[in-house]
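One-letter residues, chain by chain:
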Amino acid sequence: MIVRIMGQGQWEVPEDAMRRLNVLDEMVRQSVEARDGHALAGYLTEMGDYVARVGTPLSGDKVVLSDFIVPHRSASVSEIAEWMQESRADDGLIPG
């Protein structure tokens, strides 16, 4: 699975990491629904840090289509809510 962290690059993440990422994705979704910007920032930070820790960075000279994107940790609740609405992601940032 290829994951882009906004402003940092792309990582190849092993499938076994998806369980934790799906939990964090659900927490992001709940934070957006609750309009809790503080919790949202924490979960986006944790998600990005986790991807960077368990994933393998892709070379910066090669950009491939990402399976999902982790927004910048400073993204607002409104920005993430709009992003999810535009992508029709009723279940969070991670498709499916």
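From a predicted model like this one, the values you see are computed outputs, not experimental measurements.

Parameters at a glance
Residues numbered from 1 in each chain as written. Predicted model: local features only at pLDDT ≥ 70, side-chain atom pairs only at ≥ 80, totals over all residues. Heavy atoms only, no water. Pairing = 2+ DSSP bridges. Helix = DSSP H or I, 4+ residues; strand = E, 2+ residues; numbered from the N terminus. Expected span 1.5 Å × (residues − 1). Buried < 20%, exposed > 50% of the residue type's maximum accessible area, 1.4 Å probe, protein only. Arc of directions from axis to C-beta. Contact = heavy atoms within 4.5 Å. Salt bridge = Lys/Arg side-chain N within 4 Å of Asp/Glu carboxyl O.

Trainee: Explain the pairing of strand β1 (residues 2-5) here, please?
Mentor: Where β1 and strand β2 (residues 9-12) come together, four bridges link them in antiparallel fashion. Paired with R4 across the two strands is Q10, which belongs to β2. The hairpin turn running from β1 into β2, its antiparallel successor, is three residues long, and G7 in that turn takes a positive phi close to 80 degrees.

Trainee: I keep staring at the pairing of β2 and nothing clicks. Help me out?
Mentor: Looking along a regular strand, one sees the side chains alternate between the two faces of the sheet. Sheet topology note: the β2/strand β3 (residues 56-57) ladder contains two bridges and is antiparallel. Looking across to β3, one finds that E12 is bridged to T56.

Trainee: Please explain helix α1 (residues 18-34) as it appears in this structure.
Mentor: Each full turn of the α-helix corresponds to 3.6 residues, which orients residues three or four apart in the same direction. Given a rise of 1.5 Å per residue, 17 residues ought to cover 24 Å, and the 24 Å separating the end C-alpha atoms of α1 matches this to within 8%. Of all the residues in α1, the buried ones are M18, L21, L24, D25, V28, R29, S31 and V32. The arc that holds the buried residues of α1, viewed along the axis, is 160 degrees, so those residues lie on one side. Exposed side chains of α1 directed beyond 90 degrees from the buried face belong to R19, E33 and A34. On its buried side, α1 packs onto α2 (37-54), β4 (68-70) and α3 (77-86).

Trainee: When you look at the pattern of salt bridges in this model, what are you seeing that I'm missing?
Mentor: A pair can form between side chains of opposite charge whenever their charged atoms are brought close. Counting across every chain of the model gives four salt bridges. One salt bridge in this structure joins R20 and E46, with 2.3 Å as the shortest N-O distance. Taken together, the positions of R20 in helix α1 and E46 in helix α2 put the pair 26 residues apart, joining distant regions of the chain. The closest approach of N and O atoms between R29 and E26, which form a salt bridge, is 2.4 Å. With a gap of three residues between them, R29 and E26 both fall in helix α1, about one helical turn apart. The class of R29 is buried, set by a relative accessible area of 15%.

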